[in-house]
Amino acid sequence: MKKECKDNFRRDNKAIALLAGCILFSIAVVLGFLIARGGATSLGLVILIFLALVFTAIVFRRGIEKTKSYILLPIIITIPFPILLRFRGSDAMTVTTVLIYSLFAVMAFDYLINKERPSLEPKFSFILPALIVFGMTISFVCNLNFLGQSLRYYVANMSGILLYFIVIFSLKKRSDLVLVIKIIVFLIMIQAAIAFSQLKFPEVYKYLQIFGTRDYSPQLELVGGIRRVKGTVRDFELLAEWFLIGSILSIGLIYELRKKFYIIPLFCCLGGIVFTNTRSDLFLFILGLGAVFFLLNLFKKDYRGTLPKIILGLILFGAIFSVFFDHQIANFFARFQKYFGSSNLLSSEAINRQPIWEMALKVYFKNPTIFGAGLYRVNSLYPWASSFHSLYLTLLYKFGVFGFIIHVLFWWGILQLSWRSLMAKKKPESWYILFFLFIAFILLLIDQMKVEYLRHQHTIQFAWLIYALLVAQFRQVRGSDENSVVSLTSV
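Residues numbered from 1 in each chain as written. Predicted model: local features only at pLDDT ≥ 70, side-chain atom pairs only at ≥ 80, totals over all residues. Heavy atoms only, no water.

Description of the nonpolar core
- Counting 134 residues, the largest nonpolar core has Trp 411, Phe 435, Tyr 453, Tyr 467 and Leu 469 as the members making the most contacts within it.
- Core analysis: the next-biggest nonpolar cluster, separate from the first, contains 12 residues, Ile 356, Val 363, Tyr 376 and Phe 388 among them. (Core = buried A, V, L, I, M, F, W, Y, C linked by side-chain atoms within 4.5 Å. Buried < 20%, exposed > 50% of the residue type's maximum accessible area, 1.4 Å probe, protein only.)

Here it is in structure tokens:
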């Protein structure tokens, strides 16, 4: 009896402590926004207070395990629809970022209260992101020029890494992983619908202003007389990259769930790539499809000739699509003609990057650093400079040689472990999910040669979400007992 009372007392104390921590955290965030000169926008403040109250209520009512399930899904759903909170006259962070920090704080607090030691396997997947945080912090602390910009950039990058940790500690079942991939594919379908509406009805951007910034409205952009849509992502090249990843994951769901329905989001993603008028992502899709065909036959995993049927469907879709979007297709192929007219198809000049990359190398090698030159915008220090249009050059400049090497080691660890798992004699239950995440991950890294996801909070979060899904898959393969954990699909 005494033991039972003591256990109840401990549980009550933990619940009270957890609730108090949530309330204090929420109050601190709200006060921070109120104290900052200029204040948050009224919309942002209302959203912030509402989220704080809902978050606290869920934790108190449902407990930490189910709180992860209830909050993680809205976090993932809101990534492509960034609503910015504003203070001191600047766009500070998105609602998604606030949710990520709140959920991570509560999860960390819960681990401390319960004195639990979470599984940290595979080790590289925890050590290397921690070192990325360390290097980024050194870069921030040692370069305090343009403090506001640097702080916002630091918060944005941290939100991606915190989301990564939240996801790998939360997705404990195959069904959880499949659910998140379904959500990602569905969200990218919505982006394709938004892209279509922006192309056909340009005035639609007025209804999407909530996803804009102080100096940007979500509308299509004219580049060289060609219309290129941005969805709510704010960048046509990064939106095209999302469509590329969505197309690969759609094929993955066709194989994993054996449902032909997922050819519809595949068509939507390819249409989205055409709407953005981004050549490289169509090239990468074809490259990815070729790799899928080769590897599935190598592993003898292409059941009932599914991929040839998908390719036939894509050819039919392309023929129909070209009839209804002939003008967009004509502009798209005009860009291809320009590319194939180059003397060297692999040169930076052929992909319109020569002056930008020369500028980037000039800026970096002017003062190479170990821990980075700072997290502020490059054009704040060099007015003639702009975005480096390459993740790897951006990492070298902002995070230095140390940060660049740690990122490469992290990616290499994921690639190596993915390949070993795919080649293992005992195939994991969700082999197809692992395989298509692996392909999407490689295509993401290749595409990042000419663009960088480090431009926006939501694109940073999306990239780290893809990393987390692969690592979560490794952890599942290592043997979680599905019956002993709380699942996202059981809430």
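Looking at the pattern of salt bridges
- With the rule as written, the count across this model stands at 7 salt bridges.
- Residue Lys 123 pairs with Glu 121 through a salt bridge whose shortest N-O separation is 2.6 Å.
- What makes Glu 121 partly exposed here is its relative accessible area of 29%.
- One salt bridge in this structure joins Asp 447 and Lys 450, with 3.4 Å as the shortest N-O distance. Accessibility assignment for this pair places Asp 447 and Lys 450 in one class, buried.
- Through salt bridges with shared partners, a single ionic network connects Glu 237, Asp 281, Asp 447 and Lys 450. (Salt bridge = Lys/Arg side-chain N within 4 Å of Asp/Glu carboxyl O.)

Quick word on the side chain of Thr 369
- Topologically, Thr 369 is positioned in the loop between helix H13 (354-366) and helix H14 (378-381).
- Within the local environment of Thr 369, its side chain forms a polar contact with the backbone nitrogen of Gly 372, the two atoms lying 3.1 Å apart.
- Look past the residues within four positions of Thr 369 in its chain and what remains in contact with it is Tyr 364, Leu 396, Tyr 397, Gly 400 and Val 401. (Helix = DSSP H or I, 4+ residues; strand = E, 2+ residues; numbered from the N terminus. Polar contact = N/O pair within 3.5 Å; in protein donor to acceptor, adjacent residues only side chain to side chain. Contact = heavy atoms within 4.5 Å.)

Structural notes on the confidence of the model for the chain
- Averaged over every residue, the pLDDT of the chain is 81; residues scoring 70 or more account for 79%.
- Note on residues 8-12: pLDDT under 50 across the span, and 0 contacts to partners over four residues away in sequence or across chains.
- Below a pLDDT of 50 lies the segment residues 33-42, which in the model reaches 19 contacts outside its immediate sequence neighbourhood of four places, other chains included. (pLDDT = per-residue confidence, 0-100.)

A few points about helix H11 (residues 306-324)
- For H11, spanning 19 residues, the distance from its first C-alpha to its last is 27 Å, which sits close to the expected 27 Å at 1.5 Å a residue.
- Listing the buried residues of H11 in full gives Thr 306, Leu 307, Ile 310, Gly 313, Leu 314 and Phe 321. Down the axis of H11, the buried set is contained in an arc of 110°. They therefore lie on one face. Counted as exposed and oriented over 90 degrees from the buried face of H11: Lys 309, Leu 312, Ile 315, Leu 316 and Val 323. (Expected span 1.5 Å × (residues − 1). Arc of directions from axis to C-beta.)

Examining the packing of helix H15 (residues 391-423) against helix H17 (residues 457-477)
- In contact at an axis separation of 10 Å, H15 and H17 are set at 40° when each is read in the N-to-C sense. Judged on the interaxial angle alone, H17 and H15 are oblique. Between H15 and H17 the crossing geometry is left-handed. Contacts from Phe 410, Trp 411, Ile 414, Leu 417, Ser 418 and Ser 421 of H15 reach H17 at Trp 464, Tyr 467, Leu 470, Val 471 and Phe 474.
- Grouping the constituent residues of the contact of H15 with H17 by class yields 9 nonpolar, 2 polar and no charged. (Axes fitted to C-alpha atoms, helices over the stretch in contact; angles between N-to-C directions. Parallel < 35°, antiparallel > 145°, perpendicular 65-115°, else oblique. Left-handed = near helix turned anticlockwise from the far one by under 90°. Nonpolar A, V, L, I, M, F, W, Y, C, P; charged D, E, K, R; others polar.)

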